[in-house]
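# A closer look at the structure
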Amino acid sequence: MAVATRIDSALAATITQTSLVNALITAFTNAGYSAAFDNYTSGTDRVLIYRFDADASKTFGSNFLRIRVTTALVINVTIGTAFNTSTKALSNGSTEIVFTALSTTVNINFTALNAGSEARLVLLTQGATFIPLGMIIPANRPSWWNLDSWNYGFIFIASAMSVIRSSSISPYSNSDYEIFSSTRLSAINTQTNRRDVLTGLILLTQSNAGVAGKTSDDLGIAAATGSARFDTLSFPDNTQQFLLVNTGTSGFAVRVN
């Protein structure tokens, strides 16, 4: 994976459905996505489709993200394996994720992280509300994982960023995967007075049937209790830096240097 680049943008109140969608388009461009695969209206909803390929030569080598924004400023997210721009049909769509409704009266900040072929994320914050958007394709896919049978790409299902979801086709009976973490990874290391980061996230199937992959060492979890979101973590023995995306025990972190 490439070390992630970060671009911040903002949307000032008063927030409307149209201004939110336009701000999302800007943020997704900043995160490294090509122009929206589709951008349309469905009833009163605005819908954006983005594509992120693991291997476009394979039957299920592409991932398609559907972002549905309602007039009540609720963002709904689904991942699938293909999208038909004529019928507006998403193939093998996952169970839709419904995030907390946004306020019309509070500014929104967007942090776009472009980590090349492994992660392209748009992180939305509005006061205490945090919504992780975008997709990840972990760098180390199991050798038996056949992209002609199943896709390999994931979205986060909640603000905690501890569980990811694939499309509805999966080698397991469950398309949700837990990021391995530990309650022991919480506080500052008393020997270095810094926060340790465990790199290389392991994906465990929620079918309790083994390991579904591993990210590169440019993604990790950190001892982040007491830190603030988007703090930068550094280390005494090297020049690497990690951006803390989530706080608390085993907070999600992305290398930015």
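Refer to the structure above for everything that follows.
Please read all numbers here as calculations on a predicted model, not as lab measurements. (Residues numbered from 1 in each chain as written. Predicted model: local features only at pLDDT ≥ 70, side-chain atom pairs only at ≥ 80, totals over all residues. Heavy atoms only, no water.)

Compared with an ideal rise of 1.5 Å per residue, which puts 14 residues at 20 Å, helix α1 (residues 17-30) spans 20 Å between its outermost C-alpha atoms and is within 8% of the ideal. Of the positions making up α1, those classed as buried are Gln17, Ser19, Leu20, Val21, Ala23, Leu24, Ala27, Phe28 and Asn30. Following α1 by one or two positions, glycine 32 adopts a phi angle in the positive range, close to 100°. (Helix = DSSP H or I, 4+ residues; strand = E, 2+ residues; numbered from the N terminus. Expected span 1.5 Å × (residues − 1). Buried < 20%, exposed > 50% of the residue type's maximum accessible area, 1.4 Å probe, protein only.)

This next bit is on the pattern of salt bridges. Under the counting rule described, the total for this entry stands at 8 salt bridges. A salt bridge links aspartate 45 to arginine 68; its shortest N-O distance comes to 2.9 Å. Here the residue aspartate 45 occupies a position in strand β3 (residues 45-53), and arginine 68 occupies one in strand β4 (residues 62-69), the gap between them amounting to 23 residues. The class for aspartate 45 is buried, based on a relative accessible area of 13%. For arginine 68, a relative accessible area of 22% corresponds to the partly exposed category. Connected through shared salt-bridge partners, Asp45, Arg68 and Glu96 make up one network. (Salt bridge = Lys/Arg side-chain N within 4 Å of Asp/Glu carboxyl O.)

Looking now at the sheet that holds β4. The 5 strands lie next to each other as β2-β3-β4-β5-β8, forming an open sheet whose pairing is antiparallel. Two strands lie at the open edges of the sheet, namely β2 (38-42) and β8 (97-98), each paired on one side alone. Here strand β5 (residues 75-80) runs beside β8; their pairing, made up of 2 bridges, is antiparallel. Counterpart to asparagine 76 in the pairing with β8 is valine 98. With respect to the sheet, α1 is in contact with β2, β3, β4 and β5, its orientation differing from that of β3 by roughly 10°. (Pairing = 2+ DSSP bridges. Contact = heavy atoms within 4.5 Å. Axes fitted to C-alpha atoms, helices over the stretch in contact; angles between N-to-C directions.)

Limitation: the analysis is restricted to geometry and does not speak to function.
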